[in-house]
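What follows is each chain in one-letter form.
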Amino acid sequence: MELLFAITLGVLTASGVYLMLRGRTFPVVLGMTLITYSVNLFLFAMGRLSTGAAPIIGQSQTYADPLPQALVLTAIVISFAMTAFVLVLSIRAVCELGNDHVDGEEQ
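Residues numbered from 1 in each chain as written. Predicted model: local features only at pLDDT ≥ 70, side-chain atom pairs only at ≥ 80, totals over all residues. Heavy atoms only, no water.

Per an unreviewed UniProt entry, the protein chain carries the name Multicomponent K+:H+ antiporter subunit C and comes from Pseudomonas lutea. Turning to the protein chain, the UniProt record has this under Sequence similarities (unreviewed entry): "Belongs to the CPA3 antiporters (TC 2.A.63) subunit C family." UniProt, in its Subcellular location (unreviewed entry) section for the protein chain, records the words "Cell membrane". (UniProt positions renumbered as here; feature names shortened; annotations may be inferred.)

Right under this line is the structure:
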């Protein structure tokens, strides 16, 4: 299971980096989103998911660590705001420049 998770994280990160290096704005936005997903999964995996554990200390022998879930929720909100900002920025660049290339020049 760990191997499958590691391969999934690697594929998401590699795909995100590949898309971010493209010359058009829409693949850059998709690449940034894929990297955000991979970072969220990585943060969630570092929390060592424990089943049947109480979220409050003192309720049982083992307890679940709430920090990874809080970090992932915060990262989701930040990534949503960042994606909205980049989309608005790219739409404005398309309207002003007339194309969607990152450097503004047709190749």
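Peer 1: Any details on the packing of helix α1 (residues 2–20) against helix α2 (residues 25–45)? Residues and values, ideally.
Peer 2: Axis angle and axis distance: for two packed helices, these are the angle between their axes and the distance between the axes, and together they describe the pair. The N-to-C vectors of α1 and α2 enclose an angle of 155°; their axes lie 7 Å apart at closest approach. By the criterion of interaxial angle, the relationship of α1 to α2 is roughly antiparallel. Crossing angle aside, the handedness with which α1 passes α2 is left-handed. Of the residues in α2, those touching α1 at F5, L9, L12, T13, S15, G16, V17, L19 and M20 are P27, V28, L30, G31, M32, L34, I35, S38, L41, F42 and A45. When the residues that make up the contact of α1 with α2 are grouped by side-chain class, the tally is 15 nonpolar, 5 polar and no charged. (Axes fitted to C-alpha atoms, helices over the stretch in contact; angles between N-to-C directions. Helix = DSSP H or I, 4+ residues; strand = E, 2+ residues; numbered from the N terminus. Parallel < 35°, antiparallel > 145°, perpendicular 65-115°, else oblique. Left-handed = near helix turned anticlockwise from the far one by under 90°. Contact = heavy atoms within 4.5 Å. Nonpolar A, V, L, I, M, F, W, Y, C, P; charged D, E, K, R; others polar.)

Peer 1: How would you summarise a nonpolar patch on the surface if you had to cite specific residues and measurements?
Peer 2: Residues L3, I7 and V11 make up a contiguous nonpolar surface patch of roughly 310 Å² in combined accessible area. Along the chain, V11 turns up in helix α1. (Patch = residues over 30% accessible without salt bridge, like charges linked within 9 Å, V, L, I, M, F, W, Y side chains within 5 Å. Areas by Shrake-Rupley, 256 points an atom, 1.4 Å probe, with all protein chains shown as cover. Salt bridge = Lys/Arg side-chain N within 4 Å of Asp/Glu carboxyl O.)

Peer 1: Describe in detail the packing of α2 against helix α3 (residues 67–97), supporting the description with residues and values.
Peer 2: Closest axis-to-axis distance for the α2/α3 pair is 10 Å, and the angle between their directions is 175°. Considered as vectors, α2 and α3 are oriented roughly antiparallel to each other. Residues T25, V29, M32, T33, T36, N40, L43 and F44 of α2 touch α3, and the partners they reach there are P68, Q69, L71, V72, A75, I76, S79, M82, T83, V86, L87 and S90. Taken together, the residues of the contact of α2 with α3 sort by class into 12 nonpolar, 8 polar and no charged.

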